[in-house]
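# Fold and contact review
The primary structure of each chain is shown beneath.
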Amino acid sequence: LIDGDMRKPSVHRRFELDNNAGLGGFLQGKAGIEELIQKSGAHEKLDILTAGPPSRRPDEWLRGRMETIIDELLEIYDFVVL
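Let us look at the structure shown here. Just so you know, these numbers come straight off a predicted model, no measurement behind them.

### Observations regarding unusual backbone geometry
- Although it is not a glycine, E16 adopts a positive phi angle of roughly 55°.
- By the secondary structure assignment, E16 is in the loop between α1 (11-14) and α2 (22-27).
- In this structure E16 comes out as exposed when scored by relative accessible area, which is 73%.

Quick look at the structure:
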């Protein structure tokens, strides 16, 4: 599960997860995608990529990169939900 709402992220609250880096951290090159994925605790087979801290201009980071991120995750997972 990817929280793609980088302006008002909320998935981390619902699952009580850290939101210090997430998708935004990956897009900024702070960490690899696999380092940022967290176990949900709600289900053993549900992993979550939080959005990271809110951003006013996430479109600059996302431009042309979401397809790459999804392709990379589909090498690891059967399903990717945004």
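### Focus: the pattern of salt bridges
- Per the stated rule, a full pass over the model turns up one salt bridge.
- Ionic pairing is found between D47 and K39, a salt bridge with its closest N-O pair at 3.2 Å.
- Assessed through its relative accessible area of 58%, K39 is described here as exposed.

### Thoughts on helix α5 (residues 66-74)
- Buried residues of α5: M66, I69 and L73, and no others. Each buried residue of α5 lies within a common arc of 60° when the element is viewed along its axis, so the set occupies one face.

### Considerations on the nonpolar core
- The biggest cluster of nonpolar side chains holds 14 residues, and the ones touching the most others in it are L23, F26, L27, I33, L49, I69 and L73.
- Secondary-structure elements contributing two or more residues to this core are α2, α3 (33-36) and α5.
- The residues touching I69, leaving out its near neighbours within four places in the chain, are L23, F26, L27 and I33.

Rules used throughout
Residues numbered from 1 in each chain as written. Predicted model: local features only at pLDDT ≥ 70, side-chain atom pairs only at ≥ 80, totals over all residues. Heavy atoms only, no water. Helix = DSSP H or I, 4+ residues; strand = E, 2+ residues; numbered from the N terminus. Buried < 20%, exposed > 50% of the residue type's maximum accessible area, 1.4 Å probe, protein only. Salt bridge = Lys/Arg side-chain N within 4 Å of Asp/Glu carboxyl O. Arc of directions from axis to C-beta. Core = buried A, V, L, I, M, F, W, Y, C linked by side-chain atoms within 4.5 Å. Contact = heavy atoms within 4.5 Å.

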